[in-house]
Amino acid sequence: MPIRLRDVADHAGVSVKTVSNVVNGYEHVSAATRERVEASLAELDYRANVWARSLRTGRSGVFALAVPALDMPYFAELTRYVVQEAESLGYTVLVDQTDGLREREHVIASGVRSHLIDGLILSPVAMDASELSALSRGTPIVLLGEKIDRAPIDLVAFDNVAAARTATEHLLALGRRRIAAIGYQAEAEALSGVATVRRAGYEQALRIAKVAVDPALTREVHSYSRREGALAMHSLLGEGPDAVLCFNDQLALGALHALSRQGVRVPDDVAVVGIDDIEDGRFSTPTLSTIAPDKASVAREAVRLLHDRVDSPTSTSRRVIVGFELIPRESTLGR
């Protein structure tokens, strides 16, 4: 038989109302009483009836996070931060993978699962501003990334144009002039729009430095993976680059692998910089110079905006841009 609130109340020597207040996170319970109730909850292995609470309060206590791919380290690391932030507010996080498919994004954003969640944090790839605007009137939504910046929906991002520009300026400051770029994508294939905006930042930096953008030094990729980075880097070697900006760290790690296999010295012959500051880059050989977006702030702001919107619905959308920093390591500075 499942443990009831009455069982916990009898065990702790308090009222059912007091146990309910503790379970639901209400503040007006003394520290000593809260501690006693929590000990009883743990000892009796009480499981809250989420459905009953949802019927009573109109809320499930669950946020959803939907990202294109959980096997991409950036999204895996971001997910960890979102879970931590949500837990600090008493929320559980339901994680969904969209694979960048419009139908999966539509199902999640349209509120088909709204009976399960109070709000959604979404990193869109396929859906556009008009589609999301029409769907956002139901379940509260916060968007991640710069792909959609004109929809009347809360958005959290970091400035990808400035990030790519800063990375390229770092290479220029080191005296590099044959700077390649790996990560171009056709508009329809651009993962969350990052290809477009990071390309813009790379080209801006070259124009400001009066260095021509050489199409021979750019490479399109099908995905932002190590394999694609290695293939692109291998094809670039005949063009004589002295540096390469990779539009994410996975591409950069693949490029490092290709350079090592060909006996090219990094950074002596070719300097390499990535974007995202995933943990693998701190342990590669050489360690990877990168742009580190403030992932903790992305998560904190996204959860805060969603929590605010659930508590106080408003028609006013908000746009939050978080910071980033350049982290030079061995792949550009040497040992």
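Predicted, not measured: the structure shown is a model, and the values here were computed from it.

**Digging into the overall build of the chain**
Okay, so step 1: Counting secondary structure elements, the chain contains 13 helices and 12 strands.
Okay, so step 2: Of all 335 residues assigned to the chain, the portion counted as buried reaches 52%.
Okay, so step 3: The long-range fraction of contacts in the chain, counting pairs at least 24 apart against all pairs at least 6 apart in sequence, stands at 68%.
Okay, so step 4: Total accessible area computed for the chain in this model is approximately 15700 Å², and 50% of it derives from carbon and sulfur atoms.

**Quick notes on the packing of helix α5 (residues 73-88) against helix α12 (residues 295-311)**
Okay, so step 1: Packing of α5 against α12 leaves a shortest axis separation of 8 Å and a crossing angle of 45°. Between α5 and α12, the interaxial angle falls into the category oblique. By crossing handedness, the relation of α5 to α12 is classed as right-handed. Contacts between α5 and α12 involve Tyr74, Glu77, Leu78, Tyr81, Val82, Glu85 and Ala86 from the former and Lys295, Ala296, Val298, Ala299, Arg300 and Val303 from the latter.
Okay, so step 2: Of the residues in the contact of α5 with α12, the class split is nine nonpolar, no polar and four charged.

**Quick notes on the sheet that holds strand β2 (residues 92-97)**
Okay, so step 1: Reading across the sheet, the six strands line up as β2-β1-β3-β4-β5-β11 and stay open at both edges, with parallel pairing between neighbours. Taken across any chain shown, the strands that pair with only one partner, and hence form the sheet edges, are β2 and β11 (319-322). Direction aside, the axes of adjacent strands within the sheet are offset by 20° on average.
Okay, so step 2: Strand direction decides the pairing type here: strand β3 (residues 119-122) and strand β4 (residues 141-144), joined by three bridges, are parallel. Counterpart to isoleucine 121 in the pairing with β4 is valine 142.
Okay, so step 3: Here α12 sits on the sheet and contacts β1 (62-67), β3, β4, β5 (154-158) and β11; the angle it forms with β5, its principal contact strand, is near 175°.

**Here we look at the packing of helix α2 (residues 16-23) against helix α3 (residues 31-44)**
Okay, so step 1: As a packed pair, α2 and α3 sit with axes 10 Å apart at the nearest point and diverge in direction by 85°. What the angle tells us is that α2 and α3 run roughly perpendicular. Note on element contacts: α3 touches α2 through Thr33, Arg34, Val37, Glu38 and Leu41, opposite Thr18, Val19, Val22 and Val23.
Okay, so step 2: Its residues assigned to classes, the contact of α2 with α3 shows five nonpolar, two polar and two charged.

**Comments concerning helix α1 (residues 5-12)**
Side chains of residues three or four places apart in an α-helix project in the same direction, reflecting 3.6 residues per turn.
Okay, so step 1: Of all the positions in α1, only Val8, Ala9 and Ala12 are classed as buried. When α1 is viewed along its axis, its buried side chains cluster within an angular range of 100° and face the same direction.
Okay, so step 2: Where the residues of α1 are buried, they touch α2 and α3.

**Focus on the nonpolar core**
Okay, so step 1: Counting 70 residues, the largest nonpolar core has Ile121, Val156, Ile182, Leu245 and Val272 as the members making the most contacts within it.
Okay, so step 2: Apart from the residues within four sequence positions on either side, isoleucine 121 is in contact with Ala64, Leu65, Ala66, Val82, Val142, Leu144, Ala302, Val303 and Leu306.
Okay, so step 3: Ranked by size, the runner-up nonpolar core spans 15 residues in total, among them Ile117, Leu120, Ile141 and Ile153.

**Side note on the pairing of strand β10 (residues 289-293)**
Okay, so step 1: Among the five residues that make up β10, five are buried, leaving the element largely enclosed by the rest of the structure.
Okay, so step 2: With burial as the criterion, each face of β10 is covered, one bearing Ser289, Ile291 and Pro293 and the other bearing Thr290 and Ala292.
Okay, so step 3: Across four bridges, β10 lies against strand β12 (residues 324-327) in antiparallel orientation. Residue pairing for β12: proline 293 is matched across the bridge by phenylalanine 324.

**Section: the sheet that holds β10**
Okay, so step 1: On the basis of which strands lie adjacent, the open sheet formed by six strands has the order β7-β6-β8-β9-β10-β12 and mixed pairing. Each having just a single partner strand, β7 (218-220) and β12 make up the two edges of the open sheet. Strand-to-strand, the axes of this sheet are offset by a mean angle of 15°, without reference to chain direction.
Okay, so step 2: As judged from the three bridges shared by strand β8 (residues 243-246) and strand β9 (residues 271-275), these two strands associate in the parallel manner. Within the sheet, the bridge partner assigned to valine 244 lies in β9 and is valine 272.
Okay, so step 3: On the sheet, helix α10 (residues 226-236) packs against β6 (179-184), β7 and β8 and is oriented at approximately 145° with respect to β6.

Rules used throughout
Within every chain, residues take consecutive numbers counted from 1 along the sequence as written. Reporting in this predicted model follows two pLDDT cut-offs: at least 70 for local features of residues, and 80 or more for side-chain atom pairs to be given and counted; totals over whole chains, interfaces and linings ignore these cut-offs and use all residues. Based on all heavy atoms of the structure, the side-chain values leave hydrogens and waters out of the count. Put simply, DSSP marks the helices as runs of H or I at least four residues long and the strands as runs of E at least two long, and each gets a number from the N terminus on. A 1.4 Å probe rolled over the protein chains alone gives each residue an accessible area, and that area as a share of the maximum for its type sets the label: buried under 20%, exposed over 50%, partly exposed in between. Note on definitions: a residue-residue contact is assigned when non-hydrogen atoms from the two residues lie within 4.5 Å. Throughout, the Shrake-Rupley method with a 1.4 Å probe supplies accessible areas, and for residues the shown protein chains are the sole cover considered. Working convention: axes come from line fits to C-alpha atoms, limited for helices to the stretch in contact. Angles between N-to-C directions cover 0 to 180 degrees. An angle below 35 degrees is treated as roughly parallel, one above 145 as roughly antiparallel, one from 65 to 115 as roughly perpendicular, and anything else as oblique. If you view the pair so one helix is near and one far, a crossing is left-handed when the near helix is turned anticlockwise from the far one by less than a right angle, and right-handed when it is turned clockwise. Charged means Asp, Glu, Lys or Arg here, nonpolar means Ala, Val, Leu, Ile, Met, Phe, Trp, Tyr, Cys or Pro, and polar covers whatever is left, Gly included. Pairing between two strands is assigned when DSSP locates at least 2 bridges connecting them. The arc refers to the directions leading from the helix axis to the C-beta atoms. Nonpolar cores were defined as sets of buried Ala, Val, Leu, Ile, Met, Phe, Trp, Tyr and Cys residues, with membership established by side-chain atoms within 4.5 Å.

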